[in-house]
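If you want the building blocks of each chain, they are given just below.
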Amino acid sequence: MRYGIYGGAFDPFHRGHLEVIKGVMASCQLTELFVVPTGQPVFKANRTLTPAAYRYYMLQAVLRSMPNVVVSDIEIQSEEKSYTLHTIDRLVERYNLPKDSKIYWICGADILYEFERWYKPEEIARKVSLIVSTRPGSTQESDLQMADIIRQKYDMDVVLLPLDTTDISSSDIRKSQDYSMLPSAVRRFIQVNDLYSQDWPMHAISEESYTHFSAALRLLFAELSEKRLLHSLNTAILSARYAIRFGYSPEKALIAGLLHDCAKELPLNQMSQLASLVIDDIWPKEMIHGPAGVIYARERYGIKDSEILDAICYHTTGRRNMSGFEKVVYLADKLEPARQFDDLEPIRETVKTDLNQAMIVCFHAVKESLRRKGRDLHPLSLEALDDLQK
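Report follows, based on the coordinates. The structure presented is a predicted model; accordingly, all values stated were derived computationally and were not measured.

Description of the pairing of strand 2 (residues 32-37)
Moving on, step 1. Counting buried positions along strand 2 yields five of six residues, so the element is predominantly enclosed.
Moving on, step 2. Here six bridges tie strand 1 (residues 2-8) to strand 2, and the two strands are oriented parallel to one another. Among the inter-strand pairings, Gly-8 is bridged to a residue of strand 2, identified as Pro-37.
Moving on, step 3. Taken together, strand 1, helix 1 (residues 15-27) and strand 2 constitute a β-α-β crossover, and its handedness is right-handed.

A short note on the nonpolar core
A general trend in soluble globular proteins is that nonpolar side chains are found buried together.
Moving on, step 1. Counting 109 residues, the largest nonpolar core has Phe-13, Ile-21, Leu-63, Phe-213, Leu-258, Leu-259 and Leu-331 as its most contacted members.
Moving on, step 2. Setting aside residues up to four positions removed in sequence, Phe-213 forms contacts with Pro-51, Met-202, Leu-233, Ala-236, Leu-254, Ile-255 and Leu-258.
Moving on, step 3. Grouped together as the second largest cluster of nonpolar side chains are 28 residues, Ile-74, Trp-118, Leu-130 and Val-132 included.

Some thoughts on the packing of helix 11 (residues 268-275) against helix 12 (residues 289-301)
Moving on, step 1. Two elements in contact, helix 11 and helix 12, have axes whose closest approach is 7 Å; the angle formed by their N-to-C orientations is 75°. Classified by the interaxial angle, the pair formed by helix 11 and helix 12 is roughly perpendicular. Every residue of helix 12 that contacts helix 11 at Gln-270, Met-271, Leu-274 and Ala-275 is listed here: His-289, Pro-291, Ala-292, Ile-295 and Tyr-296.
Moving on, step 2. Considering only residue class, the contact of helix 11 with helix 12 consists of seven nonpolar, two polar and no charged.

What about the environment of Val-69?
Moving on, step 1. Within the secondary structure, Val-69 sits in strand 3 (residues 69-71).
Moving on, step 2. For the pair formed by Val-69 and Thr-31, sequence separation is 38 residues and the distance between their alpha carbons is 9.1 Å.
Moving on, step 3. Once residues within four sequence positions are removed from consideration, Val-69 is found in contact with Ile-21, Met-25, Leu-33, Val-35 and Leu-63.

A short note on the packing of aromatic side chains
Moving on, step 1. Inspection of every chain in the model, using the stated rule, returns 15 aromatic pairs.
Moving on, step 2. A centroid spacing of 6.4 Å and a plane angle of 80° characterise the contact between Trp-105 and Trp-118, whose relative ring orientation is edge-to-face. One end of the pair, Trp-105, is in strand 4 (residues 102-108); the other, Trp-118, is in the loop between strand 4 and helix 4 (121-127), and 13 residues separate them in sequence.
Moving on, step 3. Take Trp-105: its relative accessible area is 7%, and that puts it in the buried class.
Moving on, step 4. Note on Phe-115 and Tyr-154: the rings are 5.4 Å apart at their centroids and 85° apart in plane angle, and the pair reads as edge-to-face. Of this pair, Phe-115 sits in the loop between strand 4 and helix 4 while Tyr-154 sits in helix 5 (residues 141-154), and the two are 39 residues apart along the sequence. Neither Phe-115 nor Tyr-154 differs from the other in exposure class; each is buried.

Observations concerning the packing of helix 9 (residues 226-246) against helix 14 (residues 324-335)
Moving on, step 1. Packing of helix 9 against helix 14 leaves a shortest axis separation of 8 Å and a crossing angle of 135°. With respect to each other, helix 9 and helix 14 are oriented oblique. Handedness of the crossing formed by helix 9 with helix 14: right-handed. Contacts between helix 9 and helix 14 involve His-231, Thr-235, Leu-238, Ser-239, Tyr-242 and Ala-243 from the first element and Val-328, Val-329, Leu-331, Ala-332, Asp-333 and Leu-335 from the second.
Moving on, step 2. Of the residues assigned to the contact of helix 9 with helix 14, the class counts are eight nonpolar, three polar and one charged.

Focus on the sheet that holds strand 4
The strands making up a sheet associate through hydrogen bonds between their backbones, and the pairing can be parallel or antiparallel.
Moving on, step 1. Spatially, the six strands line up as an open sheet ordered 3-2-1-4-5-6, and their pairing is parallel. The sheet is open, and its two edges are formed by strand 3 and strand 6 (158-162), each paired on a single side. Strand-to-strand twist in this sheet, taken as the mean axis angle between neighbours without regard to direction, amounts to 25°.
Moving on, step 2. Looking at chain direction, strand 5 (residues 129-134) and strand 6 are connected through five bridges and run parallel. Counted as the bridge partner of Leu-130 is Val-158 from strand 6.

With respect to the pattern of salt bridges
Moving on, step 1. Tallied over the entire structure, the rule returns 24 salt bridges.
Moving on, step 2. For Arg-319, the salt bridge goes to Asp-310, with nearest N and O atoms at 3.5 Å.
Moving on, step 3. Take Asp-310: its relative accessible area is 29%, and that puts it in the partly exposed class.
Moving on, step 4. Between Arg-339 and Asp-333 there is a salt bridge, and its shortest N-O distance comes to 3.3 Å.
Moving on, step 5. According to the relative accessible area criterion, Asp-333 is buried, its value standing at 6%.

A word on unusual backbone geometry
For residues other than glycine, phi is negative in most cases, and the peptide bonds are mostly trans.
Moving on, step 1. Cis geometry marks the peptide bond from Asp-11 to Pro-12; its omega dihedral reads 5°.
Moving on, step 2. Tracing the chain through its elements places Pro-12 in the loop between strand 1 and helix 1.
Moving on, step 3. One non-glycine residue, Phe-10, lies in positive phi territory at about 50°.
Moving on, step 4. You can see Phe-10 is positioned in the loop between strand 1 and helix 1.

Examining the side chain of Ser-381
Moving on, step 1. Mapped onto the secondary structure, Ser-381 falls in helix 17 (residues 379-389).
Moving on, step 2. According to the relative accessible area criterion, Ser-381 is buried, its value standing at 2%.
Moving on, step 3. Setting aside anything within four residues of it in sequence, one finds Ser-381 in contact with Thr-317 and Phe-363.

Re the environment of Asp-157
Moving on, step 1. Counting through the fold element by element, Asp-157 comes out in the loop between helix 5 and strand 6.
Moving on, step 2. Each C-alpha atom, one on Asp-157 and one on Ser-129, is 5.0 Å from the other, the two residues being 28 residues apart in sequence.
Moving on, step 3. Excluding anything up to four places from it in sequence, Asp-157 contacts Lys-102, Ser-129 and Leu-130.

Observations concerning the pairing of strand 4
Moving on, step 1. Burial runs high along strand 4: five of the seven residues are buried.
Moving on, step 2. Pairing of strand 1 with strand 4 involves five bridges; the strand directions are parallel. Each bridged residue has a counterpart across the sheet, and for Ile-5 the counterpart in strand 4 is Trp-105.
Moving on, step 3. Of the strand pairs in this sheet, strand 4 and strand 5 are connected by five bridges, and their pairing is parallel. Note that in strand 5 the partner of Ile-106 across the bridge is Ile-131.
Moving on, step 4. Taken together, strand 4, helix 4 and strand 5 constitute a β-α-β crossover, and its handedness is right-handed.

Conventions and cut-offs
- Residues numbered from 1 in each chain as written.
- Predicted model: local features only at pLDDT ≥ 70, side-chain atom pairs only at ≥ 80, totals over all residues.
- Heavy atoms only, no water.
- Buried < 20%, exposed > 50% of the residue type's maximum accessible area, 1.4 Å probe, protein only.
- Helix = DSSP H or I, 4+ residues; strand = E, 2+ residues; numbered from the N terminus.
- Pairing = 2+ DSSP bridges.
- Right-handed = clockwise from strand over helix to strand, strands pointing away.
- Core = buried A, V, L, I, M, F, W, Y, C linked by side-chain atoms within 4.5 Å.
- Contact = heavy atoms within 4.5 Å.
- Axes fitted to C-alpha atoms, helices over the stretch in contact; angles between N-to-C directions.
- Parallel < 35°, antiparallel > 145°, perpendicular 65-115°, else oblique.
- Nonpolar A, V, L, I, M, F, W, Y, C, P; charged D, E, K, R; others polar.
- Phe/Tyr/Trp six-rings, centres within 6.5 Å; stacked < 30°, edge-to-face > 60°.
- Left-handed = near helix turned anticlockwise from the far one by under 90°.
- Salt bridge = Lys/Arg side-chain N within 4 Å of Asp/Glu carboxyl O.

Given below as structure tokens:
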């Protein structure tokens, strides 16, 4: 059996990537092709890449219906740097590939010049062959020479595969923000989740804090559904943006936003039990994941910061004397870009300049929405609104 592994940052996934996948599947008679978005890059700082879960679900949006193509989270789930050798070993084990399988690593011609600098290239050569995508008529003499060097030095099978692919790079796309060379599903994904915008807040996050964020995201990725995880990521990014705007810690806001729904998909009885350790009164079941999240964030994610825990607790209700930090997370949860309710635009416009007024407008919008459903605003929300309007 013949398997392919196509790894990369895919930040974003563009038409050239898709053409490689289609070309390899058509030409190489692969049983299955595993597409592997980079987890923790070896040669780049983590925060220079869009968070891995975004890139994973971006790939899923395009490839989930393509026969014999599997988007793998093998690197996203790993705590280690994304070394090719380790990815190969883990993938063989995870998918139980037969021992006599022929495995190909799919790459572009640039890898011919980098392969010798990879971690333990001689071991990689014993496990896989290379399929190197080149464009018809553009294969350079130097490419042929480098392929021969690798073949001879590592006794490795190297196949140069001419494919009619678009000459474009992800970095150029990010810089230009010209998304015409992206598959339509990727364009929609970027638009819905507001990726690659000019005010992307990761420049304000230290590498240490981003490492903490990434570790929490790995755990959350395994516990939440796609929709809930993307909502949590969007809330995290928007919380950091608002924190920068209004003078609060973007690093703490990033974590609070990410974990605000960390208990949301726990069984109801477990949520109720955890919430009872934080609150004495009875909350609606759709709101108890807030106080339950305080305990879960502390025990599962190691969060000890009281500001973060308070923001998680009251992100559904608000409360009297809310801190500015709590307001940032509350509004980010309501206004993250994938939310498309009609009454959000006035709040989004207000929060550009006035945090407190945005809270007032938001509470009134929630109150009106509940009224239409025959329900009342939570007592803590009423207290918060009254406090803000004084």
